[in-house]
Amino acid sequence: MDLSYGQEYEDFRNEVRAFLDANWPPKESATDGKSLGDIANEFREKAVDHGYLLRNIPKKYGGCEQSPDSMKAAVITEEFRKVHAPQSFGGIGPMMLVPTLLERGEEWQKEKFVAKSVRGEYQWCQGYSEPGSGSDLASLKTRADLVGDEWVINGQKIWTTTAREADFMFCLCRTEPDAPKHGGISYLLIPMDQPGIEVRPLKQMTGGADFNEVFLTDAKTPKDWIVGKRGEGWLVSRTTLKHERNGIGGAGRNDVMLAGLVSLATNAVRNGKPAIEDAEVRRQLVFIEGYMKSHEYSSFYQLTRDVNGKEPGRLGLMNKIVGTNISHHVARFALDLLGDGGLLDPSADDRSLGRVPGEARQWVTQYMYSLGIAVAGGTANIQRNVVGERGLGLPRDTFANADRSAKQ
Ligand SMILES: Cc1cc2nc3c(=O)[nH]c(=O)nc-3n(C[C@H](O)[C@H](O)[C@H](O)COP(=O)(O)OP(=O)(O)OC[C@H]3O[C@@H](n4cnc5c(N)ncnc54)[C@H](O)[C@@H]3O)c2cc1C
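Everything numeric in this text was worked out from a predicted model, so none of it was measured.

### Describing the domain arrangement of the protein
Each assigned domain of the protein is listed here: domain 1 (7-82), domain 2 (124-230) and domain 3 (250-377). Relative to domain 3, the C-alpha centre of domain 2 lies at a distance of 33 Å.

See the structure below:
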């Protein structure tokens, strides 16, 4: 197996490094009086001008329109990450909606939404899940009726991340109540700032409230704010989900997590010595590093498929499972190393315990998030079943089949 990127790409890597050396972090004189957000955005704009960011976005929608080259994209991501340089302008819009619109949207939709979404000027949220319709998403009940030139929407969404900050929601609604369940769904874009939408935050165990319930009561959106054809929203939603899973399942954060864990093991004390000198701690670290390496190599395999124009398919599902497993293993081991500190409520003020709270809080929060991220974008159980049944040809899961038919 040849893991090198080849001379052409190593030359390109040097070019990217030279750009980063010159521009990130920016010289102090260039940052006077500017907010961190403005500094990061200025840098991103420079990177767009050089052809490093927003590569797959046509110029007319605010990108730098480079010819598709997954290897170059991988080199850029790797090098930017090494020096912690900002990449995406951030949010659900650039990660999920923009690629969906580029693949399946109408021209006017691309013109209206892409440029502002990739720069974070338009914030989005994803209105898929409902109470009772998560894994069995196609059973969703939120209904949209065409009345004159508008869709009128009634129903409830749940677990809607960033709904309070969002300007718009991309939302799955039942528009053909008499069609078979997958066939009766449409993919609508809905403005959030209107009287028919009420957003209620859901408090999480981390102490934050990233999720929300969204209640739609005669909410309205124009007739043509539909992506794909009426009743074909399920197909469109698959495109979005593919990008969501790829975003969650990447191996890119592994080195940062490992470095954090090694630093924690070096500073923590076990049996009166630095924990990293303990044989069991070292065994765990090696296990985690090995797991990360296999994830990384599997990501290279996915990259090779991409270069050859193949969809990630089940490999994308596997990488998401492995990526979320790793993040869970890392955080759980960090809690062991923290000892009592690993039991702290991350939202509590723990200074009274006489500890430096930041590190413990960060790991406990990561642990709690690692439980959720295995569920987001399709649960690990369901994905294991898909990989087992469709990838490995195993017999179908009898429990899940009984469950599925009960829900239909
Ligand atoms: C961090 C996070 C962010 C999220 N953000 C959003 C968002 O922005 N927008 C949005 O719409 N949704 C969002 N979600 C919701 C997410 O998509 C759902 O939680 C997920 O699809 C699972 O649905 P559920 O919670 O209803 O669980 P259920 O579907 O009720 O599943 C419960 C358990 O049963 C298992 N199970 C169910 N059916 C089967 C089966 N057939 N075979 C085997 N096992 C099965 C599941 O694996 C799971 O363990 C988010 C969730 C999380 C955790």
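### Remarks on the nonpolar core
With 49 residues, the main nonpolar core has Trp-124, Met-169, Leu-188 and Ile-190 as its most contacted residues. The greatest single-element share of this core, amounting to six residues, is contributed by strand β4 (residues 168-174). Both domains that furnish three or more residues to this core are identified here as domain 1 (7-82) and domain 2 (124-230). Contact partners of Ile-190, with chain neighbours within four places excluded, come to Ile-153, Phe-168, Met-169, Cys-171, Ala-219 and Thr-221. Ranked by size, the runner-up nonpolar core spans 15 residues in total, among them Phe-333, Ala-334, Leu-337 and Trp-363.

### Some thoughts on the pairing of β4
Where burial is concerned, most of β4 is hidden: seven out of the seven residues are buried. Alternating positions in β4 separate into two faces, Phe-168, Phe-170, Leu-172 and Arg-174 on one and Met-169, Cys-171 and Cys-173 on the other, with burial throughout. Here strand β1 (residues 124-127) runs beside β4; their pairing, made up of four bridges, is parallel. When the bridges of β4 are listed, Gln-126 appears paired with Phe-170.

Rules used throughout
Each chain has its residues counted from 1, following the order in which its sequence is written. Local features in a predicted model are, by the rule used here, given only for residues with pLDDT of at least 70; side-chain atom pairs are given and counted only at 80 or more, and totals for whole chains, interfaces and linings are based on all residues. An automatic or database domain assignment supplies the start and end points of every domain. Any set of buried Ala, Val, Leu, Ile, Met, Phe, Trp, Tyr and Cys residues joined through C-beta atoms within 7 Å is what this text calls a nonpolar core. Residues with at least 20 neighbouring C-beta atoms inside 10 Å of their own are called buried, those with 12 or fewer are called exposed, and the rest are partly exposed, where every C-beta is derived from the backbone. Under the DSSP-based scheme used, a helix requires at least four consecutive residues in state H or I and a strand at least two consecutive residues in state E, with every element numbered from the N terminus. Whether two residues are in contact is decided by their C-beta atoms, placed from the backbone, lying within 7 Å. A pair of strands is treated as paired once DSSP finds two or more bridges between them.

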